[in-house]
Amino acid sequence: MTTESVSARELVYRRLQPNAHVPDLETYKRMHRESVENPEGFWGEIAKGFYWNTPPTGAILDYNFDVTKGKVYVNFMKGATTNICYNLLDRKKQESDWEEKIAYYWEGNEPHDCSTITYSQLLKEVCKFANVLRSLGVQRGDRVAIYLPVIPEMIYSMLACARIGAVHSVVFAGFSAESLCDRILDSQCMLLVTADGFYRGEKLIQLKQIADDALEKCKRKKGFVMKKCIVVHHLGNKLRSGQEQAHCKVLPLLCNPDIDVCWDVLMKGASEQCEPEWVDAEHPLFILYTSGSTGKPKGVLHTVAGYLIYTAISFKYVFDYHADDVYWCTADIGWITGHSYVIYGPLTNGATSIIFEGLLVYPHMGRLYEMIEKYKVTKLYTAPTVIRMLMKFGEEPVRKFNLKSLKILGCAGEPINPEAWTWYYNVIGDGQCPIMDTFWQTETGGPMITPLPAAIPLKPGSATFPFFGVLPAILNEHGEELQGEAEGYLVFKQPWPSILRTIYGDDERFEMTYFKQFPGFYLTGDRCRRDGDGYYWITGRIDDMLNVSGHLLSSTEVESALAEHSAVAEVAVVSHPHPVKGECVYCFVTLKDGMELTQSISDELKNKVREKIGPIATPDFIQNAPGLPKTRSGKIMRRILRHIACNEKELGDISTLIDPAVVEVLFSQRCQAAA
Ligand code: PRX
């Protein structure tokens, strides 16, 4: 980095400083110190800005992180009652511009397909759907599965659940029928909200058909309590308005009359008034499934008050939110980034955001830039994989649009490589916008390590410093805390309000996964380095998780899908670097005797993964493996497989392998297309 570019970046800070919520490094340090030394005082003060139907009865933050001392738990604002939907939508009603203020600009797959939703309209639709849910028998604590594209009904459904104290479980619309079925059963969802279908670019996704397949699979299994399936006629509505006649084939799909009901019909008679359900601060808000290293997805459970406050203040400080901002988080609502920074964080702050159904490079590769210009976006939050994809198309599409409205950029989900960082900064941000590289997890609810726009000088590739309330530490393998410059396991020493409270239905797995290895600490599963200036650099996972386009996948989950193919004897899956996705899936497959890895078997294996998990997990490479490198105890050494996949001959110690000769064979048969 040149001195010149550093000073140019300093100028960027100085421009933001006069109006910033955290105007300089000293203020950040003071606030951070206070937040970790006196969390009661810090969060107690922030909580005053929210609505509580009844105040807390005990400590603001009460917890046990040490499994050796008993059950792990976190209570935030215990005894207080509130409603998160009320805090998002009703609380600010008195403000002069509330009625007309735009909550969302919605843009569909096609650029002409767009609408706006004001805060007052949003409240009405949410109340109507909350009444619909109540009329169908949904009560506080009941689980509702939501399997929708990014359309306004997704937001209405989630907030309606929150309003009546029901627990939403959103399943990303790219997941397969099998994945949806597993998630519905795991949390015994009693209702499903889905849509007829949607387009992603030119591809039609027949969502209702996938949902039907999922329900058909569920029916035969334990835990199936589904009462109704509400269908949004998303494509059907377009047809009725005379557009897109070509979609005729996907018209209304209410083919299971015993459970299918039409969204429009239910909403027609619903009242716009709906009294919120006042729930305990620790009442469950939602379940969101994330991959776990055992292969079975974990139903991460978040609760009302902590999630409300943490997403609200992280949105305010990380993006330095101001009332005239137009904010765009490009994440799908089906992931945690969408939950926290498309819905809860922006709405609690009364922000105007964009929700986008389509693909960022459809119908042309400048779609993202076109939308920034169209809506005059000031704050953009996206993923490194998106930046790398856009980089492939070069600067020309960017130059066609005016991106001068941008003030702050953000990214999350995976490490950002220096080339992508520099391109994001110089080309999209025109050297004028700081980049918030935010490190966090589904489990954390919001950023843990993150810059603040006007306060923390950036180092490209580092997520910089901990957010308020976050006390990180780096441990060695013996659990000893390392001081100063160090590299090791990244852990957190005390809770922050939006930490997950458990894995749904499995407290034991919750403790095992995050608290058992190092009692007294929350284990992130990431390795990390702290440099001489105290900056944190995330250096990779400690487990066998893959991070494909910013989404965590478990190698075991992909392996189980492949192992279901009748030709497969054994399989091992590892990550492999990918220029756009960051990492991709590389599979070593041992076939049964007499079988050969033909193109058609390879295609069938890929399809198997698509069917079982979804297209995001589709393997890029499938290699024939006459044998796999194993230790004497039978453990597959994935470290060696990762080297083979990358054609790296320096393998380190392989003396523990039963049959070291297998390594040479695997090198000779590796997929040549893998760089
Ligand atoms: O490995 C870390 C990586 O993504 C994981 C969490 O993924 P997920 O639960 O899907 O939540 C995504 C929320 C943004 C982490 O354990 N990760 C996330 N952000 C970063 C990151 N790695 C490096 N830098 C980041 N900024």
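Just above, that's the structure.
All values reported here derive from a predicted model rather than from experimental measurement. Along each chain, residue indices are assigned from 1 in the same order as the chain's sequence is written. Thresholds applied to this predicted model are a pLDDT of at least 70 for local features of residues and 80 or more for the giving and counting of side-chain atom pairs; totals over whole chains, interfaces and linings are not thresholded and use all residues. Here the side-chain values reflect all heavy atoms present in the structure, with hydrogen atoms and water set aside.

S.K.: Just to check I follow, could you spell out the pattern of salt bridges for this structure?
M.R.: Side chains that differ in charge, positive against negative, can pair when their charged atoms come close. Basic side-chain nitrogens of Lys or Arg form a salt bridge, by our definition, when they fall within 4 Å of a carboxyl oxygen of Asp or Glu. Taken as a whole and assessed by the stated rule, the structure comprises 32 salt bridges. Of the charged contacts, one joins E45 and K48 as a salt bridge, the two residues approaching to 2.9 Å between their closest N and O atoms. Each residue is assigned to one of three classes by its accessible area relative to the maximum for its type, calculated with a 1.4 Å probe on protein chains only: buried under 20%, partly exposed between the two thresholds, exposed over 50%. Residue class for K48 comes out exposed when judged on its relative accessible area of 62%. When the shortest N-O distance is used, the salt bridge between K298 and E443 registers 3.4 Å. In this pair, K298 is assigned in strand β15 (residues 298-303) and E443 in the loop between β20 (435-438) and β21 (472-475), connecting sequence segments 145 residues apart. Summarising the burial analysis for this pair, K298 and E443 share the class buried. Helix and strand assignments come from DSSP, with helices taken as H or I runs of at least 4 residues and strands as E runs of at least 2, each series counted from the N terminus.

S.K.: How should I be thinking about the site of the ligand in this particular structure?
M.R.: Near residues are defined by distance, with any heavy atom within 4 Å of the molecule or strand qualifying the residue. Around the ligand, the surrounding shell holds 17 residues, and the nearest of these are D437, T438, T442, D526 and R541. Any N or O atom pair separated by 3.5 Å or less is treated as a polar contact, with the protein-specific requirement of one donor-capable and one acceptor-capable atom, and with residues adjacent in sequence counted only for side-chain atom pairs. Between the ligand and the protein, one listed contact pairs a nitrogen atom with a backbone N or O atom of T438 at 2.8 Å. Alone, the ligand offers 540 Å² of accessible surface; in the complex the protein occludes 95% of this. Among the residues making up the shell around the ligand, the classes are represented as seven nonpolar, six polar and four charged. Calculation of accessible area relied on Shrake-Rupley with a 1.4 Å probe; when residues are assessed, cover is drawn exclusively from the protein chains displayed. By the convention adopted, Pro, Cys, Tyr, Trp, Phe, Met, Ile, Leu, Val and Ala count as nonpolar, Lys, Arg, Asp and Glu as charged, and the other residues, Gly among them, as polar.

S.K.: What exactly am I supposed to notice about the packing of aromatic side chains here?
M.R.: Aromatic rings in a pair are described by how distant their centres are and how their planes are angled relative to each other. Only centres within 6.5 Å qualify two rings of Phe, Tyr or Trp (six-membered ring in Trp) as a pair; their planes then separate them into stacked at under 30 degrees, edge-to-face at over 60, and tilted for everything else. Counting across every chain of the model gives 44 aromatic pairs. Ring centres 5.9 Å apart and planes at 85 degrees place the aromatic pair F172 and F175 in the edge-to-face group. Taken as a pair, F172 and F175 share a single burial class, namely buried. Cluster of aromatic residues (ring-pair linked, three or more members): Y28, F42, W43, F76, Y310, Y317, F465, F467, F468 and Y535. A ring is considered to have a charge above it if a Lys NZ or an Arg CZ atom is located within 6 Å of its centre and within 35 degrees of its normal. Directly above the ring of Y535 sits K459, whose terminal nitrogen or CZ lies 4.5 Å from the centroid. Its end group placed over the ring of Y489, R527 keeps NZ or CZ at 5.9 Å from the ring centre.

S.K.: Honestly, the sheet that holds β21 in this entry has me stumped. Any pointers?
M.R.: The strands that make up a sheet are held in pairs by hydrogen bonds between backbone atoms, and each pair lies either parallel or antiparallel. Two strands pair under a simple rule: DSSP has to find at least two bridges between them. One open sheet accounts for five strands, arranged β22-β21-β23-β25-β26; its pairing is antiparallel. Bordering the open sheet on either side are β22 (481-482) and β26 (536-541), each of which pairs with just one other strand. Two elements, β21 and strand β23 (residues 486-492), share four bridges in a ladder whose sense is antiparallel. When the sheet's bridge partners are listed, P472 is paired in β23 with F492.

S.K.: I'm lost on empty space enclosed by the protein in this one. Help?
M.R.: Taking a probe equal in size to a water molecule and rolling it over the atoms shows the remaining empty space. Of the grid points, spaced at 1 Å and generated over the protein atoms alone, those admitting a 1.4 Å probe that cannot get out make up cavities, while open sets with protein on both sides within 12 Å along at least five of seven lines make up pockets; any residue with an atom within 4 Å of a point is treated as lining. Grid points are joined across faces, edges and corners, and a volume is the space filled by probe spheres set on the points. Counted by the stated rule, this structure contains one cavity of 30 Å³ or more. Approximately 30 Å³ is the volume attributed to the largest cavity. Lining the largest cavity we find R9, V12, Y13, Y425, C433, P434 and L458. Sort the elements by how many residues they give to the lining of the largest cavity and helix α1 (residues 3-16) lands first, with three residues. The residue inventory of the lining of the largest cavity, partitioned by class, reads six nonpolar, no polar and one charged.

S.K.: Any chance you could explain the pairing of strand β28 (residues 551-554) here in plain terms?
M.R.: It is a general feature of regular strands that their side chains alternate between the two faces of the sheet. Here strand β27 (residues 545-548) pairs with β28 via four bridges, running antiparallel. If you follow V548 over to β28, its bridge partner there is H551. Here β27 hands over to β28 after two residues, with S549 in that stretch at a positive phi of 50 degrees.

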